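# Fold and contact review
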Amino acid sequence: MEILLIRHGESEADILQVHEGRANFELTDRGRKQVRAMAERVKRDFPPDFIYASTLKRASETAMVLADTIGCPLQYEDELMEHNNGVQAGLSFEEAKSLKAPVYLHDRFDEGESHIEFRMRIETIFSKILADSKHKRIAIVAHGGVINCLLRSFFDMPISKDFYFLNGDTGISFLEFNESGKVVRFLNNTSHLDADEEIKSF
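Described below are features of the structure shown in this document. Residue indices begin from 1 for each chain and proceed along its sequence in written order. Only residues with pLDDT of 70 or above have their local features reported here, since the model is predicted, and side-chain atom pairs are shown and tallied only from 80 upward, although totals for entire chains, interfaces and linings are computed over all residues. The side-chain values count all of the structure's non-hydrogen atoms but skip hydrogen atoms and water molecules.

## Concerning the environment of I3
Relative to the helices and strands, I3 is located in strand β1 (residues 2-7). Each residue gets one of three labels from its accessible area relative to the maximum for its type: buried under 20%, exposed over 50%, partly exposed in between, using a 1.4 Å probe on protein chains only. Given the relative accessible area of 0%, I3 is considered buried. Measuring from C-alpha to C-alpha, the distance between I3 and D14 comes to 27 Å, with eleven residues separating the pair along the chain. Non-local contacts of I3, meaning those with residues more than four positions away in its chain, are made with F126, L130, I138, I140, S173, F174, L175 and F177. To qualify as a helix, a DSSP run of H or I must reach at least 4 residues; to qualify as a strand, a run of E must reach at least 2; elements of each kind are numbered from the N terminus. Here, two residues are considered to be in contact whenever any of their heavy atoms come within 4.5 Å of each other.

## Overview of the nonpolar core
Residues belong to a common nonpolar core when they are buried Ala, Val, Leu, Ile, Met, Phe, Trp, Tyr or Cys residues joined through side-chain atoms within 4.5 Å. Counting 21 residues, the largest nonpolar core has L5 and I140 as the members making the most contacts within it. Counting residues per element, the ones that place at least two in this core are β1, β2 (50-53), α5 (115-132), β4 (137-142) and α6 (144-154). With six residues, α6 is the single largest residue contributor to this core. In this structure, L5 is in contact with I140, I147, L150, L151, G171, I172, S173 and L175, ignoring residues within four places of it in sequence. Counting 20 residues, the second largest nonpolar core, distinct from the first, contains F46, I51, A53 and L66.

## Digging into the pattern of salt bridges
The term salt bridge refers to a side-chain nitrogen of Lys or Arg lying within 4 Å of a carboxyl oxygen of Asp or Glu. For the coordinates displayed, the defined rule picks out 18 salt bridges. Ionic pairing is found between D156 and K182, a salt bridge with its closest N-O pair at 3.1 Å. Residue D156 is located in the loop between α6 and β5 (172-178), and its partner K182 is located in strand β6 (residues 181-189); the two are separated by 26 residues in the primary sequence. Residue class for D156 comes out exposed when judged on its relative accessible area of 61%. One network of salt bridges, in which partners are shared, links E26, D29, R32, K57 and E61.

## Structural notes on the pairing of β1
The buried fraction of β1 amounts to six of the six residues, a majority that puts the element mostly inside the structure. What you see with β1 is no split at all: E2, L4 and I6 on one side and I3, L5 and R7 on the other are buried throughout. Here, a strand pair is defined by DSSP locating no fewer than two bridges between the strands. Sheet topology note: the β1/β4 ladder contains six bridges and is parallel. The partner of E2 across the bridge, within β4, is R137. Here β1 runs beside β5; their pairing, made up of five bridges, is antiparallel. Counterpart to I3 in the pairing with β5 is L175.

## Side note on the environment of S127
Structurally, S127 is set in helix α5. Accessibility expressed as a relative area gives 45% for S127, which makes it partly exposed. Put simply, S127 and S160 are 33 residues apart on the chain and 20 Å apart in space, counted from C-alpha to C-alpha.

Remember that the coordinates give geometry; whether it matters functionally is a separate question.
Listed below in structure tokens is the structure:
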């Protein structure tokens, strides 16, 4: 099985400089242009047979454009939502400094989930997707934190999180399970944005 991990485009939270997580912001106009460029690249080079996506607006819209561009089925999964950061969601970076930040892996913001709970949630939905899907190539459209958990799961990494896989706007990672084992074709590819300076991720 081949798996595309795709991060959503730029969202309004990026412009407002607020913590996102479960805050349900939409894509910006720039983000929508990024998504269209990504969708055309995926259609041309490695179209999936099926798409799974987070239900949060920034990811669900990204997935819808991709599905419409390719013409393949799309299934939304609540369990692919970004880390539940509780009361931090939607707060400006300055406002959030007043909150007591989680220290340990089992800690959480009020009304949120811990890193351990987040990792286990993603491990569970990833296992379900792998078990249920009969397609040769699938795409999972989600968020930076979710993609980090998916990559840690793929690499059989420990629960600790003292490192981070960088994921740009509409960054694409391409993984594969085959008879020889696991293959990483590439991570966080955003070359589809290179032709237009106005929509580059970073």
